[in-house]
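Structure at a glance
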Amino acid sequence: MKIIRLDEVDSTNEYIKKIYQQLPACACVQAKRQTSGKGRRGHVWSSSNQNLAVTFLYKDITDIQEAWKYTMISAASVIDVLGKYGIEAKIKWPNDIYAGDQKICGMLVETILDPDLKGIISGIGINVNDARPYICMKDIIHQECDINEVLASLIVSMNHHMEMYYHGQFDVILDELNRRSYLKGKWLDYRDYGRISFLKINGQGMVEYIDENNQIHQMLVNEITLSQNNSHQKDKR
């Protein structure tokens, strides 16, 4: 995997989009500082050299319907890396990683269309040594972490989970993430459905959830929108 390290960039996702034609099938770009990092639904966030901001590129994909799986692969990889530091983490669908009840990582998976599918990019931001107003690895293990070591561990884990995906073992990844769901078992008010509880993500990228009338519904994982407030509801049925 080709690794590009930058001192500063507006967005590692946008940087890769501009130069993807010059890159091999697998590559990653890490920036010490992002000035206009991209979040979901147009949110903008910046990052300092105290945290890890990296985007992975995968060009050997032909089916756009598989794109959601790259979010799951990224989430499994981040959770794996945090676990190596003694940090128990979970995925808050669709693209946040939580440690306890606080966000420690955000992800943004995008497609490159030019005009047909040219690749998938997975942007990952891990709070390593500075997290205000969220939480970081340093807060939990009470010592600074070497960002380069965190990146190296993430690359190894991404490669491992991609190999599992390529060899038909995505169901193993998905099963683990369903066990590591931050929302599972929590009831919250959601849109016009009233009180609901999320159950799992199925193999088609649909999130299954149940309402108070025991009716099961499905929604594409990328269509979930949760505020900070309602995502923390813990009332049991």
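Rules used throughout
- Residues numbered from 1 in each chain as written.
- Predicted model: local features only at pLDDT ≥ 70, side-chain atom pairs only at ≥ 80, totals over all residues.
- Heavy atoms only, no water.
- Phe/Tyr/Trp six-rings, centres within 6.5 Å; stacked < 30°, edge-to-face > 60°.
- Helix = DSSP H or I, 4+ residues; strand = E, 2+ residues; numbered from the N terminus.
- Buried < 20%, exposed > 50% of the residue type's maximum accessible area, 1.4 Å probe, protein only.
- Salt bridge = Lys/Arg side-chain N within 4 Å of Asp/Glu carboxyl O.
- Pairing = 2+ DSSP bridges.
- Axes fitted to C-alpha atoms, helices over the stretch in contact; angles between N-to-C directions.
- Arc of directions from axis to C-beta.
- Contact = heavy atoms within 4.5 Å.
- Parallel < 35°, antiparallel > 145°, perpendicular 65-115°, else oblique.
- Nonpolar A, V, L, I, M, F, W, Y, C, P; charged D, E, K, R; others polar.
- Core = buried A, V, L, I, M, F, W, Y, C linked by side-chain atoms within 4.5 Å.
- Polar contact = N/O pair within 3.5 Å; in protein donor to acceptor, adjacent residues only side chain to side chain.

Attention now goes to the packing of aromatic side chains. Enumeration according to the criterion identifies 12 aromatic pairs in this entry. Ring centres 5.7 Å apart and planes at 75° place the aromatic pair Tyr-70 and Tyr-165 in the edge-to-face group. Pair noted here: Tyr-70 is in helix H2 (residues 67-84) and Tyr-165 is in helix H4 (residues 147-166), with a separation of 95 residues, a long-range link. When sorted by exposure, Tyr-70 lands in the same class as Tyr-165, which is buried.

What follows covers the pattern of salt bridges. Scanning the entire structure with this criterion turns up 12 salt bridges. Lys-118 is the partner of Asp-116 in a salt bridge, and the nearest nitrogen-oxygen pair spans 3.0 Å. Accessibility expressed as a relative area gives 28% for Lys-118, which makes it partly exposed. A salt bridge links Glu-144 to Lys-138, with the nearest nitrogen and oxygen atoms 3.5 Å apart. Look at Lys-138 and you get partly exposed, because its relative accessible area is 31%.

Strand order in the open sheet made by the four strands is S9-S10-S11-S12, with antiparallel pairing throughout. Two strands bound the open sheet, and with one partner strand each, they are strand S9 (187-190) and strand S12 (216-220). Along the sheet, successive strands turn relative to each other by an average axial angle of 45°, direction set aside. Inspection of the sheet shows strand S11 (residues 206-211) paired to S12 by five bridges, in the antiparallel sense. By the bridge assignment, Met-206 is partnered in S12 with Leu-220.

This paragraph deals with helix H5 (residues 170-179). If you check which residues of H5 are buried, you get Phe-170, Ile-173, Leu-174, Leu-177 and Asn-178. Down the axis of H5, the smallest arc covering the buried residues is 135°, so these residues share one side. On the buried face of H5, the contacting elements are H2, strand S5 (89-92), H4 and strand S10 (194-201).

In this section: the environment of Lys-18. Relative to the helices and strands, Lys-18 resides in helix H1 (residues 12-19). Sequence separation of Lys-18 and Ala-152 is 134 residues, and the distance between their C-alpha atoms is 24 Å.

Bringing the packing of H4 against H5 into the picture now. Between H4 and H5, the shortest axis-to-axis distance is 7 Å and the interhelical angle comes to 125°. With respect to H5, the axis of H4 lies oblique. Contact with H4, carried on its side by His-161, Met-164 and Tyr-165, involves Phe-170, Val-172 and Ile-173 of H5 and no other residues of that element. In terms of residue class, the contact of H4 with H5 is made up of five nonpolar, one polar and no charged.

All right, on to the nonpolar core then. Residues Ile-97, Ile-124, Ile-126 and Leu-154 are the most contacted members of the largest nonpolar core, which totals 60 residues. Top contributing element to this core by residue count: H2, with 11 residues. Contact partners of Ile-97, with chain neighbours within four places excluded, come to Ala-75, Val-78, Ile-79, Leu-82, Ala-89, Lys-90, Ile-91, Gln-102, Lys-103, Ile-104, Cys-105 and Met-107. Counting residues in hydrophobic clusters, the runner-up holds 13 residues, among them Val-9, Ile-19, Val-29 and Ile-112.

The next subject is H1. All of the buried residues in H1 are Thr-12, Asn-13, Ile-16 and Ile-19. On an axial view of H1, the arc spanned by its buried residues comes to 145°, and they lie on one face.

With respect to the helices and strands, the residue Gln-34 is situated in strand S2 (residues 26-38). The exposure class of Gln-34 is buried, given its relative accessible area of 3%. Within the local environment of Gln-34, its side chain forms a polar contact with the backbone nitrogen of Thr-12, the two atoms lying 2.8 Å apart.

Turning our attention to the pairing of strand S7 (residues 102-113). Where strand S6 (residues 96-99) and S7 come together, four bridges link them in antiparallel fashion. Bridge pairing in S7 places Ile-97 opposite Cys-105. Hairpin connection of S6 to S7: two residues between the antiparallel strands, including Gly-100 at a positive phi of 65°. As paired strands, S7 and strand S8 (residues 117-126) are joined by nine bridges and run antiparallel to one another. Within the sheet, the bridge partner assigned to Leu-108 lies in S8 and is Gly-123. Where S7 folds back on S8, the antiparallel hairpin that results is connected by three residues.

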